[in-house]
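Examination of the molecular architecture
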Amino acid sequence: MGLYIILTIPPLLLGLWAQWRVKSAYEKWSRCANARNLTGAQAAAEMLRRENVNDVRIEQVGGTLSDYYDPSAKVLRLSSGVYGAASVAALGIACHEAGHALQHARGYAYLGLRSALVMPAKFGSYLAIPLIMFGMLIGALGLAKLGVIIFGAVVLFQLVTLPVEFDASRRAKAALVNNGVINAPERAGVNEVLDAAAMTYVAAAVAAISQLLYYALILAGNRRR
Ligand SMILES: [Zn+2]
């Protein structure tokens, strides 16, 4: 029980704190218009054009902070608060997503690895815990061990996500500064939004590792008995 609390509560609190930070940074910098009056869609389009990436479409999608790049369709999907908004937050988020499109165009290795891990991680997240629970319930430790190994795909996916996300933000910050899109105060705002977003991925990775550790330790304890 003590082990369970140690391995679940701190990651949970870290995750909640990271979510809160993203939300508050986004709200703060969404209220702040950027000096060039560029919308997120315009800034992303300009960034891709300057990098000679001309085969990526930019579309609007519902929701808040639901922005993503779809590599299979080569489409940047930006939420309404980013797509048509000329805020500092919109610039950062739109160019972060354009950073993923740029990774794709340049054949950035971790993006390919991450895409390859999407299905195994999805499979792992559905199957691992039932296998572990069922295996331990009926005393089939091999089955439970298999579940822990399968859960490793979830952890691997979260770990590979980190360089992909950090690199996309790095590309966004560099483009916004080098292309003269943002001034110094706006740069601080973009950093605040993107660094807060990066922390949510760190929190997700910590949570996945803790969960893996928990199951592995339980299984090891079970074997000793
Ligand atoms: Zn991203």
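Scroll up a little and you will see the structure.
Described in the following lines is the structure provided in the data block. These figures come from a predicted structure and were not determined experimentally.

So, about the overall build of the protein. Looking only at helices and strands, the protein features seven helices and three strands. Ordering the α and β elements of the protein from the N terminus gives α-α-β-β-β-α-α-α-α-α. When the 225 residues of the protein are sorted by exposure, 44% land in the buried category. The long-range share in the protein, meaning contacts at least 24 apart out of those at least 6 apart in sequence, stands at 73%. In the structure as shown, the protein presents an accessible area of about 11500 Å², 63% of it carried by carbon and sulfur atoms. Between the mean site of the 21 positive side-chain charges and the mean site of the 13 negative ones, the protein shows a separation of 9 Å.

This part is about the sheet that holds strand β3 (residues 75-79). Across the sheet, three strands lie side by side as β1-β3-β2; this open sheet has mixed pairing. Because the sheet does not close on itself, it has two edges, and the strands there are β1 (57-61) and β2 (68-70). If you compare each strand with its neighbour and ignore which way they point, the axes differ by 30° on average. Sheet topology places β2 next to β3; three bridges connect them, and they run antiparallel. Residue pairing in the sheet places aspartate 70 in a bridge with valine 75 of β3. On top of the sheet, helix α2 (residues 40-50) reaches β1 and β3; it is set at about 155° to β3, its chief contact.

Our focus in this paragraph is helix α5 (residues 109-137). Between its first and last C-alpha atoms α5 spans 41 Å; for 29 residues at 1.5 Å apiece the expected length is 42 Å, and the two agree. By the largest-angle criterion, valine 118 marks the main kink of α5, which is about 35°, and a proline, proline 120, follows within four residues. The complete set of buried residues in α5 reads Leu111, Leu117, Ala121, Gly124, Ala128, Leu131, Ile132 and Gly135. Just downstream of α5 lies glycine 139, where phi reads positive at about 75°.

With that out of the way, let us pick up the side chain of glutamate 186. Within the secondary structure layout, glutamate 186 lies in helix α7 (residues 184-224). Leave out the neighbours within four places in its chain, and glutamate 186 touches Ala33, Asn34, Ala35, Val88 and Val181.

By secondary structure assignment, the location of histidine 104 is in helix α4 (residues 88-106). On a C-alpha basis, the gap between histidine 104 and lysine 74 in space is 8.8 Å, while along the polypeptide they are 30 residues apart. Residues contacting histidine 104, with those up to four places away along its chain left out, are Tyr69, Pro71, Lys74 and Leu111.

Moving on, we get to empty space enclosed by the protein. In total, this model carries one cavity of 30 Å³ or more according to the counting rule given. Looking at the largest cavity, the residues that line it are Ala43, Glu46, Met47, Cys95, Ala175, Leu176, Asn179 and Val181. Of all the elements in the fold, those that place two or more residues in the lining of the largest cavity are α2 and α6 (141-178). The element contributing the most residues to the lining of the largest cavity is α2, with three residues. For the lining of the largest cavity, the residue count by class is six nonpolar, one polar and one charged.

To describe a pair of aromatic rings, one takes the distance between the centres and the angle between the planes. Per the counting criterion, the structure on display carries four aromatic pairs. Through a chain of ring-to-ring contacts, three or more aromatic side chains come together here, namely Tyr4, Phe151, Tyr214 and Tyr215. Above the plane of the ring of tyrosine 108 lies arginine 171, whose end atom (NZ or CZ) is 5.5 Å from the centre.

This brings us to the packing of α2 against α4. Packing of α2 against α4 brings their axes to within 8 Å, and their N-to-C directions diverge by 35°. Considering only the axes of α2 and α4, their crossing is right-handed. Judged by residue contacts, Gly40, Ala43, Ala44, Met47 and Leu48 of α2 engage Ala90, Leu91, Ala94, Cys95, Ala98, Gly99, Ala101 and Leu102 from α4. The residue makeup of the contact of α2 with α4, split by class, is 11 nonpolar, two polar and no charged.

Reading the values: rules and limits
- Residue indices follow the written sequence of each chain, beginning from 1 at its first position.
- Only residues with pLDDT of at least 70 get local features here, since the model is predicted, and only at 80 or more are side-chain atom pairs given and counted; chain-wide, interface and lining totals rely on the full set of residues.
- In computing side-chain values, all of the structure's heavy atoms are included and hydrogens and water are not.
- Secondary structure elements are defined from DSSP: runs of H or I of at least 4 residues count as helices, runs of E of at least 2 residues count as strands, and each element is numbered from the N terminus.
- Only protein chains enter the accessibility calculation, which uses a 1.4 Å probe; a residue is then buried when its area is under 20% of its type maximum, exposed when over 50%, and partly exposed in between.
- Here, residues are in contact when the closest pair of their heavy atoms is within 4.5 Å.
- Surface accessibility follows the Shrake-Rupley procedure with a 1.4 Å probe radius. Residue values consider only the protein chains on display as shielding.
- Charge counting follows a simple rule: Lys and Arg are positive, Asp and Glu are negative, and His as well as the terminal groups are ignored.
- Where a charge sits is defined by one atom per residue type, namely NZ (Lys), CZ (Arg), CG (Asp) or CD (Glu).
- Strand pairing follows a simple DSSP-based rule, namely that at least 2 bridges must link the two strands.
- An axis is simply a line fitted to the C-alpha atoms; with a helix, the fit covers only the stretch in contact. Between two such axes, the angle follows the N-to-C directions and lies from 0 to 180 degrees.
- In a helix, the anticipated span is given by 1.5 Å times the number of residues less one.
- Bending is quantified residue by residue as the angle between axes fitted to the seven-residue window ending at that residue and the seven-residue window starting at it.
- With a 1 Å grid spanning the protein atoms alone, the term cavity applies to any set of points in which a 1.4 Å probe fits but cannot get out, the term pocket to an open set with protein on both sides within 12 Å along at least five of seven lines, and the term lining residue to any residue with an atom within 4 Å of a point.
- Grid points are joined across faces, edges and corners, and a volume is the space filled by probe spheres set on the points.
- Under the convention adopted here, Pro, Cys and the residues Ala, Val, Leu, Ile, Met, Phe, Trp and Tyr are nonpolar, Asp, Glu, Lys and Arg are charged, and Gly plus all remaining residues are polar.
- Two aromatic rings from Phe, Tyr or Trp, using only the six-membered ring of Trp, form a pair when their centres are within 6.5 Å; if the ring planes differ by under 30 degrees the pair is stacked, by over 60 it is edge-to-face, and anything between is tilted.
- To sit over a ring, a charge needs its Lys NZ or Arg CZ within 6 Å of the ring centre and within 35 degrees of the ring normal.
- In this scheme the crossing of two helices becomes right-handed for a clockwise turn of the near helix relative to the far one and left-handed for an anticlockwise turn of less than a right angle.

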